[in-house]
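# Observations on chain architecture
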Amino acid sequence: MLHNTGKLAGCTVFITGASRGIGKAIALKAARDGANVVVAAKTADPHPKLPGTIYTAAAEIEAAGGKALPCIVDVRDEKQINEAVEQAVEKFGAYTIAKYGMSMCVLGMAEEFKGSIAVNALWPKTAIQTAAMDMLGGSGIGKQCRKVEIMADAAYAILKKPTSFTGQFVIDEDILKTEGIKEFDVYAVEPGHPLLPDFFLDQQPEDLAKQMEEHGATPAFKSGKADSAATGPISDMFNIIRGILSPDIVKTTQGVYRFDLSGEHAGVWYIDLKNDAGSAGSGDPPVKADVVMALDSADFIKMFGGKLKPTMAFMSGKLKIKGDMGLAIKLEKMMAMMKSKL
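Here the structure is a predicted model, which means the values were calculated and not measured.

Turning our eyes to something else, we now look at the overall build of the protein. Helix and strand counts for the protein stand at 13 helices and 11 strands. When each of the 342 residues of the protein is scored for burial, the buried share is 46%. By sequence separation, contacts in the protein at least 24 residues apart represent 67% of the contacts at least 6 residues apart. Per element, the accessible surface of the protein, about 16900 Å² overall, is 53% carbon and sulfur.

Below is the structure:
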């Protein structure tokens, strides 16, 4: 375990989702240094199934040696976020973002606030046992997970670094290794038991499936490669995509995309928005892809059909992205254009 050093004493940490799970673990880790913690979460009243509220978390934080400011915050409500930040500044004088939902914003925000606020993303290497994981994974999932403490220690390792450490996408285990941690069984719910890999990491579907099978899980997907003359809903969607390609879209996008689809209509497809007037079809792209997206074929149809927002697909683990995140975001413009064609 990573020992507390007192580095965060007097510092202020603004943590969303701090009423339970990983958020609360990070809060308690910082509190042991004597940090000020803004507990920003939705749960003000006890939940029938989930433990903890912003007030019970605040009490634990103060018992651990920190100072707490509980704030009712739904991160989808800009007004609530602004009010919580104002309260934090009024009470503690400053704030630092320790946990932020949109990791795609990290690079842009890191550049914007360079020299004053460090912005980094933190991901677990393995599944982490939380109330949400227990609800989604069912009985027995816990023994394939690590405890929330590994994320707390990893966040602590980031928080005690200077603001020059910014714009980084950090994996919990990797940063703890740089801190000299060699024994990771202490973080396991059941030491020695194989662990499930985290679904957010940018792994190829076939590699993830293999890992899951090795760890005793049953993957609900298998990747494959579509024939160039494939028919079906994916082929129909690409017919629509080809119909809206234009030199203007190519000029404003300048990216080549590959889609590794799993599920019922598994296969590999591409959209070239970088060369000539653009092209799209099955198989590998004619040139190296700038962005590789891996997702279930059903979710691909929903996403390009306007029924699933790419951002939500990414954050929920349905969509995995490897490559240029800026170009990935640009593809949303094409999806918006497709709505009128469906």
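There's plenty left to go through after this.
Let us look at the environment of Phe300. Position of Phe300 relative to the elements: it lies in helix 11 (residues 297-304). Residue Phe300 is classed as buried on the basis of its relative accessible area of 0%. As a C-alpha pair, Phe300 and Asp260 span 40 residues in sequence and 9.9 Å in three-dimensional space. Leaving out residues up to four positions away in the same chain, Phe300 has contacts with Ile234, Met237, Phe238, Ile241, Phe259, Leu261 and Leu295.

Time to look at helix 1 (residues 21-31). Since there are 3.6 residues in each turn of an α-helix, residues three or four apart along the chain are aligned in direction. The buried fraction of helix 1 is high, at 9 of 11 residues. For helix 1, the complete set of buried residues consists of Ile22, Gly23, Ala25, Ile26, Ala27, Leu28, Lys29, Ala30 and Ala31.

Now for the sheet that holds strand 7 (residues 255-262). What links the strands of a sheet is backbone hydrogen bonding, and the strands pair in either a parallel or an antiparallel sense. If you trace the 5 strands from one edge of the open sheet to the other, you get 9-8-7-10-11, paired in mixed fashion. Edge positions in the sheet fall to strand 9 (279-282) and strand 11 (320-323), since each of these pairs with one other strand and no more. When the angles between neighbouring strand axes are averaged without regard to direction, this sheet yields 15 degrees. In terms of strand pairing, strand 7 meets strand 8 (residues 267-273) through 7 bridges, oriented antiparallel. The partner of Phe259 across the bridge, within strand 8, is Trp269. Most of the contacts of helix 9 (residues 233-244) go to strand 8, to which it runs at about 5 degrees, and overall it touches strand 7, strand 8 and strand 9. The sheet contacts of helix 11 involve strand 7, strand 8 and strand 10 (291-296), and relative to strand 10 the element is tilted by about 110 degrees.

Tallied over the full model, the rule gives 7 aromatic pairs. Aromatic pair Phe184 and Tyr187: ring centres 6.1 Å apart, planes at 40 degrees, arrangement tilted. Each member of the pair, Phe184 as well as Tyr187, is classed as buried. A ring pair is formed by Phe259 and Phe300, whose centres lie 5.2 Å apart and whose planes are at 75 degrees; its orientation type is edge-to-face. Of this pair, Phe259 sits in strand 7 while Phe300 sits in helix 11, and the two are 41 residues apart along the sequence. On the basis of relative accessible area, Phe259 is assigned to the buried category, the value being 0%. An aromatic cluster is present here, built from Phe238, Phe259, Trp269, Phe300 and Phe304 joined pairwise through their rings. Directly above the ring of Tyr156 sits Lys29, whose terminal nitrogen or CZ lies 5.4 Å from the centroid. Looking at Lys161, its charged tip hangs above the ring of Phe165, at a distance of 5.2 Å from the centre.

This brings us to the packing of helix 1 against helix 6 (residues 149-159). It is at 8 Å that the axes of helix 1 and helix 6 come closest, and there the two elements cross at 50 degrees. Between helix 1 and helix 6, the angle falls in the class oblique. Regarding helix 1 and helix 6, the two cross each other, and that crossing is right-handed. Facing Ile22, Ala25, Ile26 and Lys29 of helix 1, the residues of helix 6 in contact are Met151, Ala152, Asp153, Ala155 and Tyr156. Of the residues assigned to the contact of helix 1 with helix 6, the class counts are 7 nonpolar, no polar and 2 charged.

Among all positions of helix 11, only Ser297, Asp299, Phe300, Met303 and Phe304 are buried. Taken down its axis, helix 11 places every buried residue within 155 degrees of arc, on the same side. If you check the start of helix 11, you find a side-chain oxygen 2.8 Å away from the backbone N of Ala298, and it comes from Asp296.

With that settled, consider the packing of helix 1 against helix 2 (residues 54-63). Helix 2 packs onto helix 1 with a crossing angle of 25 degrees between their chain directions and a minimal axis gap of 8 Å. Regarding the angle of helix 1 to helix 2, the classification is roughly parallel. By crossing handedness, the relation of helix 1 to helix 2 is classed as right-handed. The segment helix 1 lies against helix 2, with Lys24, Ala27, Leu28 and Ala31 engaging Ala57, Glu60 and Ile61.

Attention now moves to the pairing of strand 8. Buried residues dominate strand 8, accounting for 7 of its 7 residues. Between strand 7 and strand 8, which follow one another and run antiparallel, lie 4 residues, and Gly263 among them has a positive phi close to 90 degrees. Relative to strand 9, strand 8 runs antiparallel, the two being bridged by 4 bridges. By the bridge assignment for strand 9, Asp272 is matched with Ser279. A loop of 5 residues connects strand 8 with strand 9, the two strands running antiparallel in sequence, and Asp276 in this loop sits at a positive phi of about 55 degrees.

Criteria and cut-off values
Here the residue index of a chain counts from 1 through its sequence in written order. Where local features are concerned, this predicted model is filtered to residues with pLDDT of at least 70; where side-chain atom pairs are given and counted, the filter is 80 or more; whole-chain, interface and lining totals use all residues. As a rule here, side-chain values cover all heavy atoms of the structure and leave hydrogens and water aside. Helix and strand assignments follow DSSP, with helices taken as H or I runs no shorter than four residues and strands as E runs no shorter than two, numbered in order from the N terminus. Relative accessibility thresholds used throughout: buried, under 20% of the residue-type maximum; exposed, over 50%; partly exposed, between the two (1.4 Å probe, protein chains only). We call two residues in contact when some of their heavy atoms are within 4.5 Å. For the accessible areas, the method is Shrake-Rupley and the probe is 1.4 Å, while residue cover comes only from the protein chains on display. Pairing between strands is defined by DSSP: at least two bridges between the two strands are required. In this description, a line fitted to the C-alpha atoms serves as the axis of each element, helices being fitted only across the stretch in contact, and the angle between N-to-C directions of two axes falls anywhere from 0 to 180 degrees. Within 6.5 Å between ring centres, the rings of Phe, Tyr and Trp (the latter by its six-membered ring) count as paired, and their orientation is classed by plane angle as stacked under 30 degrees, edge-to-face over 60, tilted in between. Two limits define a charge over a ring: the Lys NZ or Arg CZ must be within 6 Å of the ring centre, and within 35 degrees of the ring normal. In this scheme, roughly parallel covers angles under 35 degrees and roughly antiparallel covers those over 145, while 65 to 115 is roughly perpendicular and the rest are oblique. Crossing handedness follows the turn of the near helix against the far one: under a right angle anticlockwise gives a left-handed crossing, and clockwise gives a right-handed one. For this scheme, ten residues count as nonpolar: Ala, Val, Leu, Ile, Met, Phe, Trp, Tyr, Cys and Pro. Four count as charged, namely Asp, Glu, Lys and Arg, and the remainder, Gly too, count as polar. What the arc describes is the spread of directions from the helix axis to the C-beta atoms. Here a polar contact means two N or O atoms within 3.5 Å. Within protein one must be a hydrogen donor candidate and the other an acceptor candidate, and residues neighboring in sequence count only if both atoms are side-chain atoms.

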